Amino acid sequence: MAVGRETFDSRTDRATVRHASLSGFGSASFFGKVHSLNILRKMARYTAIWLRRRLVQDMSLTIRYWDNIRVQVSEVRTRRRLRARYYHRVADLDGRDVFYIPLHKEPETGLQMMSPEFFHQHAIILGIAASLPAGAVLAIKENNKTIGRRHFSFYEQVPDLKNVRFIDDREPSIDLIRRARATITVTGTAGLEAAAQGKPVLTFGRHNMYNHLPHVIEITDFADIPAAIAAYPEGVGWLERWMLDRDLPLPVRRSAAEALGSLHTAAAGDALIDTL
């Protein structure tokens, strides 16, 4: 089912649209419409609560009402500016060596509390961008819940790095995880999703449940970033790297590649077998 501006149907099932083609931002434009409707519903709800409190002379939380309205308006303005000036699509990364950073919401318990040793996302972007090999691109995707709350100067500084691209927040994160050579995070669930798919992960968080996996590298010093990136050269999977590090014999490596192919896709297994 083609979904676009002309064929928008409010009764369209969300699951169907999520799997629709992103060609021309078909499904993305649908979710853009839904998002705008959600903002209007939030503003109407906040207004109704504010009016009810006025009627009962309970104005203790009036300042929160105005703050909520301000955030909703800021979110709309920020999205428009980002899409007009900085956003790229996943399709724009075709043929490029990609590393992916999904940004955390700030402030967030999962960031400041679960990783008290390090949670500076801007510093991570600078460190990774400075360590990427020539021709590689760092793809960054903003957290939907942060748009309108993060100061716009953050978005103005990051694109000054020529090997960094802001990806439209309407693009599915799973597509970026699959396309990227490695996913980079602090404590985000995107790291868990990538690790579960057997994709390399570079993590700055020391307490993630998946840090013990062989294809997850924990970074505790910025000086370690170049070595961590070099550990996963383009076209070499984590399983092959892990086996080579342990000098496993070729028959064992081939058997592992065949098992990986049966667990994921035949194409992935064949590609790995060809490299052994």
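Bear in mind the structure is a predicted one, so any value in this text is a computation, not a measurement.

Break down the overall build of the protein for me, citing the residues and quoting the values.
The helix and strand inventory of the protein stands at twelve helices and seven strands. Each of the 276 residues in the protein was classed as buried or not, and the buried ones make up 44%. Of all intrachain contacts in the protein linking residues separated by at least 6 positions in sequence, the fraction that spans at least 24 positions is 60%. Total accessible area on the protein is roughly 15,100 Å²; 55% of this is exposed by carbon and sulfur atoms.

Summarise the pattern of salt bridges; cite the residues concerned and give the values.
Counted by the stated rule, this structure contains nine salt bridges. Note that D97 is salt-bridged to R181, the shortest N-O span being 2.2 Å. Within this pair, whereas D97 is found in strand β2 (residues 97-102), its partner R181 is found in the loop between α7 (173-179) and β5 (182-185), the two being separated by 84 residues in sequence. By relative accessible area, which is 15% here, R181 ends up buried. A salt bridge links R150 to E142; the nearest nitrogen and oxygen atoms lie 2.8 Å apart. Each member of the pair, R150 as well as E142, carries the same accessibility label: buried. Among the charged side chains, a network of salt bridges with common partners joins E75, R79, R83 and D169.

Run through helix α8 (residues 189-196), naming residues and quoting values.
By the burial criterion, the buried members of α8 are A190, G191, A194 and A195. Projected down its long axis, α8 carries its buried residues within an arc of 135 degrees, all on one side. The exposed set on the far side of α8, more than 90 degrees from its buried face, consists of T189 and A196. Its buried side turned inward, α8 meets β2, α7, β5, β6 (201-203) and β7 (216-218). At the exit of α8 stands G198, carrying a positive phi of roughly 80 degrees.

For the environment of Y232, give the residues involved together with the corresponding values.
With respect to the helices, strands and loops of the structure, Y232 is situated in the loop between α9 (225-230) and α10 (238-245). With 50 residues separating them in the primary sequence, Y232 and A182 have C-alpha atoms 7.9 Å apart.

Can you tell me about the environment of G205, naming the residues and giving the values?
Within the element layout of this structure, G205 appears in the loop between β6 and β7. With relative accessibility at 0%, the residue G205 sits in the buried group. For the pair G205 and E117, spaced 88 residues apart in the sequence, the C-alpha separation amounts to 7.8 Å. Discounting chain neighbours no more than four positions away, the residues touching G205 are S115, T185, V186, T187, N211 and E218.

Mind laying out the packing of aromatic side chains, listing which residues take part and the relevant values?
Counted under the stated rule, the structure contains seven aromatic pairs. Members of the aromatic cluster, each reached through a chain of ring pairs, are Y86, F152, F154, Y155 and F166. A cation over an aromatic ring shows up here: R81 above the ring of F152, its NZ or CZ 3.7 Å from the ring centre.

Please provide a residue-by-residue account of the pairing of strand β4 (residues 164-167), values included.
The side chains of a regular strand alternate between both faces of the sheet. Where strand β1 (residues 87-88) meets β4, two bridges bridge the pair, whose relative direction is parallel. Looking across to β4, one finds that H88 is bridged to I167. In this sheet, β4 lies alongside strand β3 (residues 136-141) in parallel orientation, the contact comprising four bridges. Paired with L138 across the strands is V164, a residue of β4. Viewed along the sheet, the connection from β3 through helix α6 (residues 152-157) into β4 turns out right-handed.

So, how was this worked out
- Residues numbered from 1 in each chain as written.
- Predicted model: local features only at pLDDT ≥ 70, side-chain atom pairs only at ≥ 80, totals over all residues.
- Heavy atoms only, no water.
- Helix = DSSP H or I, 4+ residues; strand = E, 2+ residues; numbered from the N terminus.
- Buried < 20%, exposed > 50% of the residue type's maximum accessible area, 1.4 Å probe, protein only.
- Contact = heavy atoms within 4.5 Å.
- Areas by Shrake-Rupley, 256 points an atom, 1.4 Å probe, with all protein chains shown as cover.
- Salt bridge = Lys/Arg side-chain N within 4 Å of Asp/Glu carboxyl O.
- Arc of directions from axis to C-beta.
- Phe/Tyr/Trp six-rings, centres within 6.5 Å; stacked < 30°, edge-to-face > 60°.
- Lys NZ or Arg CZ within 6 Å of the ring centre and 35° of its normal.
- Pairing = 2+ DSSP bridges.
- Right-handed = clockwise from strand over helix to strand, strands pointing away.

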